[in-house]
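# Commentary on secondary and tertiary structure
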Amino acid sequence: MHVLTWAARRIGVTAALLAGLLVVSFLLLHLVPGDPAVRVAGLNATPEQVTAVRQRLGLDQPIHRQFIGYVAHVFQLDFGRSFQTGEPVTEVIGSRLGVTLRLATAGIVVTMSAGVLIGLVMGALTREGRRRGAEASFALGTSLAGAVPEYVTGALLALVFSVVLGWLPVAGLTGPSGLILPTIAVSLAPAAVLSRIVRVETLAVLAQEYARAAWAKRLRPLRVYGVHVLPNALTAALTVGGLVFAGLLGGTVVVENVFALPGLGSKLVESVMARDYPVVQAVILLLGAAIVLVNGCVEAAVRLLDPRVRAATS
Amino acid sequence: MAKAHGLSAPGAYSAPPSGPARARPRVLASVVMATALTAAGCGGAGTGKPAVDPAAPVVVRLNSDWDSLDPAKTRTTNGYQLVTALYDRVVAVEGDKVVPYLAESWKQTADSVTLILRKGVTCADGAELTPSAVAASLRRLGAEETGAPYANLVFGNAGHTVEADDAARTVTVRTNQPYSDLLIGLAQPMASIVCPAGLRSPAGLAAAPAGSGPYTLGGTTRGASYTLRARPGYGWGPAGHTGAYPREVTFRVVQNDSTAANMLGSGDLDLGWISGPDVRRAQSDTSLTAVTQAIYGSFFLVFNHAKGRPGADPALRAALAGAVSATDFNTSAFFGAGDPATSPVSPEVPCHTQVRSPVTAVDSAAVTRALAEAGWILEGGRLVRDGKPLTIRLLGSTDYAAGFEYVLEALHRTGASVELQLVELNGFAETLFKGGDWDVTVYPFTPLAPSLGALGLFVTGEAPPKGANFAGIRNPGFESAVAKAQASLGAERCAFWAEAQKTIVESADVVPLVHLKPHWFARAGLTARLAGGGTLVDLHHLSRS
């Protein structure tokens, strides 16, 4: 398949996913119990006031018209106003996006670098059945780290490094140091999972003939791992990285709450509790779109880096 | 006239996103009861923890972000917390007494209050706050187009008028029916006085305050922190209070109780409300002083009286009321942070009367007998009457879900078939006040003022969707006693309120379970008072020693 054909298909799939996301976020308002017009007008509102609000929001229109209007507004980046505060949703998101972006970026960088590095090192150390003890410790450690929920990790980190040792801020984003514990909390589990995958992939690559040939040629270990093993193991890491990113965004929702960070995650929780549907819709749409786009990019990167994938998709 | 429900406002309860122990009255502000939360000098010494810097800003926890800074529109305790610092009111409540504030004195009848306002009060923009301006603010609160959700907690339900006389420096509020709670109503946060600049552009009040209060809004990081700066020259606090105000008070939004407890321990917070299991951790920290005050109301069991509902039968209500233990509900919902309730209002409220011995241990045999007397017989472990099983739809809020799970279990043990519907707080309020499908619930009645009057607003009058009597209670004895109490100002008033409490509880229309006690913790060196039934910090009495 020609690269342009592949790219067109990929863009088509991404567009379809985004369209599905639009439908889901639109239906959110209509599928949840209760009347959104009552929510906006207030519980004390008279039936006339509720009717007026329904008309103002266009909720009295046929559903297909509402959907068309919704899509048109989304394309203009107009998500309406928060039911709770009356602020434009774009302002609400704008004021919180930076925090989540910083946390997610730091999280993905730490996850990918720690996961790949640890997985590669452990693969090298435990190749051909060597160092059984280290392998068992690694398996146990990564299982534990991968199983502990982010809020537990976050709480423990805060207790040890902030309350007991006093090295880092307990909460808030008063400076770069405020990002250290949240980043670790959000990265620990995905990094553990990723390192296991990279280790297995490393072992598989080391078992390949070209790797054996590299050793036989007495190439320096750094060259063997850097040139022959890493690029091949990285394909799996990248593929999993896309999924990790989705999980990591979910993790930020919890971690922002634990560390009192004013990001999209904490706003999402708050808005769900307050039935602030416009904000919930917009945040879900934004996070969902980020996941779809990142996975699309990951797929493109994997195709670019791995000739086997290129061959399989041609 | 807008009607209040006690739920997402003065009277409502809310909790952080997860877990039963997180429950806390979010709204319900009442006004300034000021139980002294005196943390000063208690603890801290020798703990090895950092002492409070007397010149540093005081940092106070907000358990969630505010919804609006418009006194008439906010529905949350967090909104009221800032409103009470940015705005003044005509009167205030200290202890259980109404004290002067913007009004130097007043004359009260059963259906009117004439306030004589002090001179020299200025708004934050420098404009003079005249009686006409005060009256305009109160008129706006009561106007239908304002859509103030809790205006009736101030003025009652019968309509009112507001007049001003600038020459005599008076403002007179008259209600169309006797409403002796009017004066205390005017002390509540929603009755905060908005300055003329704010009234000219009311839409802006949501985020841009226009008050005459002791603080102005300084730095703001939405969703994270809000810094208030003391106004130089402010000297018209409640009861003539002119004490030193901290130069700066920062409210930090911390939703998670464990995080807040950590921040108190590390000194990142000076004062904060903690709930759930973290209370025990904070209590064991010797650098912190705990301050608790019961809410003015209670969490009470209430049945839907609508025709065809099981709760329409008084005998069945009384029987089932005996099946729910106040002690077990308190443990399940609040980790035991409250006291078993003996009345719909707490002992801090004037005219409180102990009218019920709380059920601390369920007498199953007595419950079965009472159910049999009501015609419900156990057959094969299920309660039936005339061949029909007893099925109950229990409405619960996720804010104290474990409490509702206990009620589910308790009612199930009687042989009833019980279905629990757990929804978040707004959905809970919507189901109740829009005539949704429910048979029984535990209602978080948490008024912001030490007044029995708020109770009457929720258990008398029309049922939803027309009124706020969400359970459709018809209790002529209670209504009569409330009407007499609201028409009285003398010593006989408490006798009428006692009769009202007795009538509403003995008929099992309202079954008080728990008076929750919010737990606040302050770092050593900080002196503060609580207001709003323990739900708010009174910034007029916040200082470092």
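So, how was this worked out
Residues numbered from 1 in each chain as written. Chains lettered and ligands numbered in written order. Predicted model: local features only at pLDDT ≥ 70, side-chain atom pairs only at ≥ 80, totals over all residues. Heavy atoms only, no water. 1 Å grid on protein atoms, 1.4 Å probe; cavity = no way out; pocket = protein on both sides within 12 Å on 5 of 7 lines; lining within 4 Å. Points joined across faces, edges and corners; volume = space filled by probe spheres on them. Helix = DSSP H or I, 4+ residues; strand = E, 2+ residues; numbered from the N terminus. Nonpolar A, V, L, I, M, F, W, Y, C, P; charged D, E, K, R; others polar. Domains from an automatic or database assignment. Contact = heavy atoms within 4.5 Å. Salt bridge = Lys/Arg side-chain N within 4 Å of Asp/Glu carboxyl O. Polar contact = N/O pair within 3.5 Å; in protein donor to acceptor, adjacent residues only side chain to side chain. Buried < 20%, exposed > 50% of the residue type's maximum accessible area, 1.4 Å probe, protein only. UniProt positions renumbered as here; feature names shortened; annotations may be inferred. Buried area = accessible area lost by both parts, 1.4 Å probe. Disulfide = S-S within 2.5 Å.

## Here's the deal with the layout of surface pockets
Residue and element names in this part refer to chain B.
- Considered as a void within the structure, the second largest pocket measures approximately 540 Å³ in volume.
- What lines the second largest pocket is a set of 23 residues, and nearest its centre among them are Asn-157, Ala-158, Gln-177, Leu-457 and Thr-460.
- At the level of elements, helix H13 (453-459) and helix H14 (476-486) are the ones that each hand at least two residues to the lining of the second largest pocket.
- By residue number, the principal contributor to the lining of the second largest pocket is H14, which donates four residues.
- For the lining of the second largest pocket, the class distribution of residues is nine nonpolar, ten polar and four charged.

## Quick notes on the domain arrangement of chain B
Residues and elements named next belong to chain B.
- Parsing chain B into structural domains produces domain 1 (32-41 + 54-63 + 214-293 + 518-545), domain 2 (87-210) and domain 3 (296-515).
- Taking the mean C-alpha position of each, domain 2 and domain 3 sit 33 Å from one another.
- Contacts between the two partners involve 17 residues from domain 2, matched on the other side by 17 residues from domain 3.
- Counting the contacts that link domain 2 with domain 3 gives one salt bridge.
- As a salt-bridge pair, Asp-181 and Arg-493 come within 3.0 Å of each other at their nearest N and O atoms.
- Where domain 2 touches domain 3, the interface holds eight residue pairs in polar contact (both at pLDDT 80 or more).
- Broken down by secondary-structure element, the contributors of at least two residues to the side of domain 2 that touches domain 3 are strand S5 (103-109) and helix H3 (152-155).
- Residues of the side of domain 2 that touches domain 3, tallied by class, amount to eight nonpolar, seven polar and two charged.

## Overview of the pattern of salt bridges
- For the structure shown, the criterion picks out 26 salt bridges over all chains.
- A salt bridge links Glu-270 of chain A to Lys-267 of chain A, with the shortest nitrogen-to-oxygen separation between them at 3.3 Å. Here Glu-270 of chain A pairs with Lys-267 of chain A, and both are found in helix H11 (residues 264-273), just three residues apart, close to one helical turn. Both residues of the pair, Glu-270 of chain A and Lys-267 of chain A, belong to the buried class.
- Between Glu-409 of chain B and Arg-413 of chain B there is a salt bridge, with its nearest N and O atoms 3.9 Å apart.

## Focus on the UniProt feature "transmembrane region" (unreviewed entry) in chain A
Residues and elements named next belong to chain A.
- With numbering aligned to this structure, UniProt lists the feature "transmembrane region" (unreviewed entry) at residues 103-126, 138-167, 179-198, 233-259 and 279-302.
- Between the first and last C-alpha atoms of residues 103-126 the distance is 33 Å; the span itself is 96% helix and 0% strand.
- The distance separating the terminal C-alpha atoms of residues 138-167 is 28 Å; by composition the span is 83% helix and 0% strand.

## Remarks on the UniProt feature "domain: ABC transmembrane type-1" (unreviewed entry) in chain A
- In the numbering used here, UniProt assigns the feature "domain: ABC transmembrane type-1" (unreviewed entry) to residues 97-298 of chain A.
- Helix makes up 82% of residues 97-298 of chain A and strand 0%, and the two end C-alpha atoms of the span are 22 Å apart.

## Description of the domain arrangement of chain A
All names here are of chain A.
- Annotation of chain A at the domain level lists domain 1 (3-75) and domain 2 (89-312).
- The straight-line distance from the C-alpha centre of domain 1 to that of domain 2 is 33 Å.
- Each side of the interface is counted separately: domain 1 has 19 residues, and domain 2 has 15 residues.
- Together domain 1 and domain 2 conceal approximately 1600 Å² of surface at their shared face, both sides included; 71% is due to carbon and sulfur atoms.
- The largest per-residue losses of area from domain 1 upon contact with domain 2 belong to Trp-6, Leu-21 and Arg-39, which jointly make up 32% of the total buried on that side.
- At the junction of domain 1 and domain 2, the tally comes to one salt bridge.

## Considerations on the state of the cysteines
All names here are of chain B.
- Counted by the stated rule, this structure contains two disulfides over all chains.
- Each disulfide pairs two cysteine sulfurs, and for Cys-123 the partner residue is Cys-195, the sulfurs being separated by 2.1 Å. One disulfide, between Cys-123 and Cys-195, carries an S-S torsion of -100° and so falls in the left-handed class. Of this pair, Cys-123 sits in the loop between strand S6 (112-117) and helix H2 (131-142) while Cys-195 sits in the loop between helix H4 (182-185) and helix H5 (196-200); the two residues are 72 residues apart in sequence, bridging distant segments of the chain.
- A relative accessible area of 2% means that Cys-123 is categorised as buried.
- Taking relative accessible area as the criterion, Cys-195 reaches 1% and is therefore assigned buried.
- The disulfide bridge from Cys-351 ends at Cys-494, spanning 2.0 Å between sulfur atoms. Note on the Cys-351 and Cys-494 pair: the S-S dihedral is about -70°, so by sign convention the disulfide is left-handed. Taken as a pair, Cys-351 in the loop between strand S15 (338-340) and helix H10 (364-373) and Cys-494 in helix H15 (residues 492-506) lie far apart in primary sequence, 143 residues in all.
- Assessed through its relative accessible area of 13%, Cys-351 is described here as buried.
- By sequence order of its bonded cysteines, chain B has the disulfide arrangement 1-2, 3-4.

## Focus: the interface of chain B and chain A
- On the side of chain A, 34 residues touch chain B, which itself brings 35 residues to the contact.
- Together chain B and chain A conceal approximately 2900 Å² of surface at their shared face, both sides included; 49% is due to carbon and sulfur atoms.
- Between Arg-96 of chain A and Asp-65 of chain B there is a salt bridge, with its nearest N and O atoms 3.6 Å apart.
- Those elements giving two or more residues to the side of chain B that touches chain A turn out to be strand S11 (248-253), helix H6 (257-266) and helix H12 (425-433) of chain B.
- A per-class count over the side of chain B that touches chain A returns eleven nonpolar, eleven polar and 13 charged.

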